[in-house]
Amino acid sequence: MAINPALLAAVQKLQAGSYSNQDDNKEDFWRCETDSAGNGFAVIRFLPAKSDDQLPFTKIFDHGFQGPGGWFIEKCPTTIDKECPVCEANGPLWNSGLESDKGVVRKRKRRTSFISNIKVISDPKNPQNEGKIFKFKYGKKIFDMIATAMQPPLVELDAGEAVAIDPFSLTEGANFKLKIRRVEKYANFEKSSFDNVSTCDIDWKKLFDLSVYNDEKMFKSYEDLKKRFLKVTAGGTAKPTQMSTSTSDMTEEDDNPFDNAVKMNKPVTTASKPAVTSDDDDDDMSFFRSLAADD
Ligand SMILES: [Zn+2]
């Protein structure tokens, strides 16, 4: 199957390089290469943050959609609690009552992803990556697996079928067996799992500083984004095409496509949260913040 090179470039930019500045090379990001059937396998290790005052992941929002005037592939300023013209325009559209408008919002809505440092343990498709440290961009499905590993269901804990682990620990963490299968046309990660607890050696100097993703300089101004948004959407709300990426779960629909009403920096109310049952990904954030606060 021939893939439109412009589309491929746009998808790759979105997957890895959309956070481009001089400190952010595409080569710093690792991706699990899939075969022609869309299946892939690798073993990776999530790593601690570069410094104690940081979390071992950063949460980011971005937009990627096509309108009559081209592609809109931009970081969403709500990542740093700033206003975003796209998210702003989504509100009235979502509430218009028209199903077609809701469809437009689903394409345009911000998508949640996470970036962590990882060490590649096994990469059959690209063995030259093994032993090296990369940045890894992943979606909510994998983030949920991390959260569940830290707080397994009580019934499994009681039965001795599970132990809580800190996936980012070098001494008490575990390797992550990443298994990608193409289901329908989407990448599916549900067969992935953490291995048994093991230790991991790294060169700390090779860890990437993830705080750059919350640097205001990384984001375009509201005015520039608005200009671009108006250009891309000029000519009405012609059906935008959603990107489907083969190695990312970032395109999966959330139950609430208009979740930007939730602020990221809400205060942590309790350190002991029950197992994650909510679809509200900001709850996970509070959980990790509470861990960081305990240090
Ligand atoms: Zn936005």
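A short tour of the structure in this document, coming up. (Residues numbered from 1 in each chain as written. Predicted model: local features only at pLDDT ≥ 70, side-chain atom pairs only at ≥ 80, totals over all residues. Heavy atoms only, no water.)

1. Comments concerning the overall build of the protein
Under the convention used in this document: Strands are runs of DSSP state E lasting at least 2 residues, helices are runs of H or I lasting at least 4, and numbering of each runs from the N terminus. Throughout, a contact is declared for two residues whenever any of their heavy atoms are within 4.5 Å. Areas reported as accessible are Shrake-Rupley estimates using a 1.4 Å probe. Residue values count occlusion only from the protein chains shown.
Of the regular secondary structure elements, the protein holds seven helices and eight strands. Pairs at least 24 apart in sequence give 70% of the contacts found in the protein among residues at least 6 apart. For the protein, the exposed area adds up to about 14,900 Å²; of that, 50% sits on carbon and sulfur atoms.

2. Digging into the nonpolar core
Which entries qualify depends on this criterion: For this analysis, a nonpolar core means a set of buried residues of the types Ala, Val, Leu, Ile, Met, Phe, Trp, Tyr and Cys, connected via side-chain atoms within 4.5 Å. Whether a residue is buried, partly exposed or exposed follows from its accessible area with a 1.4 Å probe, protein chains only, as a fraction of its type maximum: under 20%, in between, or over 50%, in that order.
If you look at the biggest cluster of nonpolar residues, it comprises 28 residues, and the most contacted ones within it are Trp-30, Phe-46, Phe-136, Tyr-138 and Leu-178. Put simply, the parts of the chain that give this core at least two residues each are strand 1 (40-46), strand 4 (111-122), strand 5 (133-138), helix 4 (140-150) and strand 6 (174-183). The element that contributes the greatest number of residues to this core is helix 4, accounting for six residues. Not counting the four nearest positions on each side in its chain, Leu-178 is found in contact with Trp-30, Cys-32, Gly-40, Phe-41, Ala-42, Phe-136, Ile-142, Phe-189 and Ser-192. Phe-65, Phe-72, Cys-76 and Phe-229 belong to the second largest nonpolar core, which has ten residues in total.

3. As for the pairing of strand 6
Short version of the rule: One requirement defines pairing of two strands: DSSP has to find at least two bridges between them.
Note that strand 1 and strand 6 share five bridges and pair antiparallel. Counterpart to Gly-40 in the pairing with strand 6 is Ile-180. Here strand 6 folds back onto strand 7 (residues 186-188) in antiparallel fashion, the turn holding two residues, of which Glu-184 has a positive phi close to 55°.

4. Describing the packing of helix 2 (residues 85-94) against helix 3 (residues 99-108)
Counted only if it meets this: Whenever a helix is involved, its axis is fitted only over the stretch in contact; in every case the axis is a line through C-alpha atoms, and angles between N-to-C directions fall within 0 to 180 degrees. Roughly parallel covers angles under 35 degrees, roughly antiparallel covers those over 145, roughly perpendicular covers 65 to 115, and oblique covers all other angles. Here a crossing is taken to be left-handed if its near helix is turned anticlockwise relative to the far helix by less than a right angle, and right-handed if that turn runs clockwise. Each residue is assigned to one of three groups, with Ala, Val, Leu, Ile, Met, Phe, Trp, Tyr, Cys and Pro labelled nonpolar, Asp, Glu, Lys and Arg labelled charged, and all others, Gly among them, labelled polar.
Axis separation between helix 2 and helix 3 bottoms out at 9 Å; the angle between their running directions is 160°. Taken together, the axis directions place helix 2 and helix 3 in an arrangement best described as roughly antiparallel. In this structure, the crossing between helix 2 and helix 3 has a hand that is left-handed. Contact residues: helix 2 offers Val-86, Asn-90, Leu-93 and Trp-94, while helix 3 offers Asp-101, Lys-102, Val-104, Val-105, Arg-106 and Arg-108. The residue inventory of the contact of helix 2 with helix 3, partitioned by class, reads five nonpolar, one polar and four charged.

5. Re the coordination of the zinc ion
The test is simple: Excluding water, the donors of a metal are its N, O and S neighbours within 2.8 Å, or within 3.2 Å for Na, K and Ca, and that exclusion means sites may look incomplete. Angle rules define the geometry names used: all angles between 85 and 135 degrees makes four donors tetrahedral, while opposite donors over 155 degrees apart and all other angles between 65 and 115 make four donors square planar and six octahedral, leaving every other case irregular.
Around the zinc ion, the protein contributes the donor atoms His-63 (NE2), Cys-76 (SG), Cys-84 (SG) and Cys-87 (SG), which lie 2.1 to 2.4 Å from the metal centre. Taken together, the four donor atoms coordinating the zinc ion and their angles of 105 to 114° define a geometry best described as tetrahedral. Mapped onto the sequence, the donors of the zinc ion take the spacing H-x12-C-x7-C-x2-C. Highlighted residues: His-63 in strand 2 (residues 57-67) and Cys-87 in helix 2, separated in sequence by 24 residues. Each member of the pair, His-63 together with Cys-87, is buried.

6. Details of unusual backbone geometry
Negative phi is the rule for most residues except glycine; trans is the rule for most peptide bonds. Of note, the phi angle at Asp-81 is positive, near 60°, even though the residue is not glycine. For Asp-81, the location among the structural elements is in the loop between strand 3 (70-75) and helix 2.

7. Digging into the pattern of salt bridges
Put simply, the test is: Salt bridges are identified by distance alone: a Lys or Arg side-chain nitrogen within 4 Å of an Asp or Glu carboxyl oxygen.
Summed over the entire model, instances satisfying the criterion amount to nine salt bridges. In the salt-bridge network here, residues are joined through shared partners; they are Asp-62, Arg-111 and Lys-137.

8. A closer look at helix 6 (residues 222-233)
For the record, the criterion: Helices are assigned an expected span. That span is 1.5 Å times one less than the residue count. To be clear, the arc concerns the directions from the helix axis to the C-beta atoms.
For helix 6, spanning twelve residues, the distance from its first C-alpha to its last is 16 Å, which sits close to the expected 16 Å at 1.5 Å a residue. Those residues of helix 6 that fall on the buried side of the exposure criterion are Leu-225, Phe-229, Val-232 and Thr-233. Relative to the axis of helix 6, the buried residues are bounded by an arc of 85° and lie together on one face. The outward face of helix 6, more than 90 degrees from its buried face, is lined by the exposed residues Glu-223, Lys-227 and Lys-231. Contact partners of the buried residues in helix 6: strand 2, strand 3, helix 2 and helix 3.

9. Focus on helix 3
Residue pairs spaced three or four apart in an α-helix point in one direction, given the helix's 3.6 residues per turn. All buried positions along helix 3 are accounted for by Asp-101, Val-104, Val-105 and Arg-108. The buried residues of helix 3 occupy one face: seen down the axis, they fall within an arc of 100°. For helix 3, the exposed residues set more than 90 degrees away from the buried face come down to Glu-99 and Ser-100. At its buried positions, helix 3 is contacted by strand 2, helix 2 and helix 6.

10. Observations concerning the packing of helix 2 against helix 6
Viewed as axis vectors pointing N to C, helix 2 and helix 6 meet at an angle of 55°, and their least axial separation amounts to 9 Å. Viewed along their axes, helix 2 and helix 6 adopt a mutual orientation that is oblique. Of the residues in helix 6, those touching helix 2 at Pro-85, Val-86, Glu-88 and Ala-89 are Tyr-222, Leu-225, Lys-226 and Phe-229. Partitioned by chemical class, the residues of the contact of helix 2 with helix 6 number six nonpolar, no polar and two charged.

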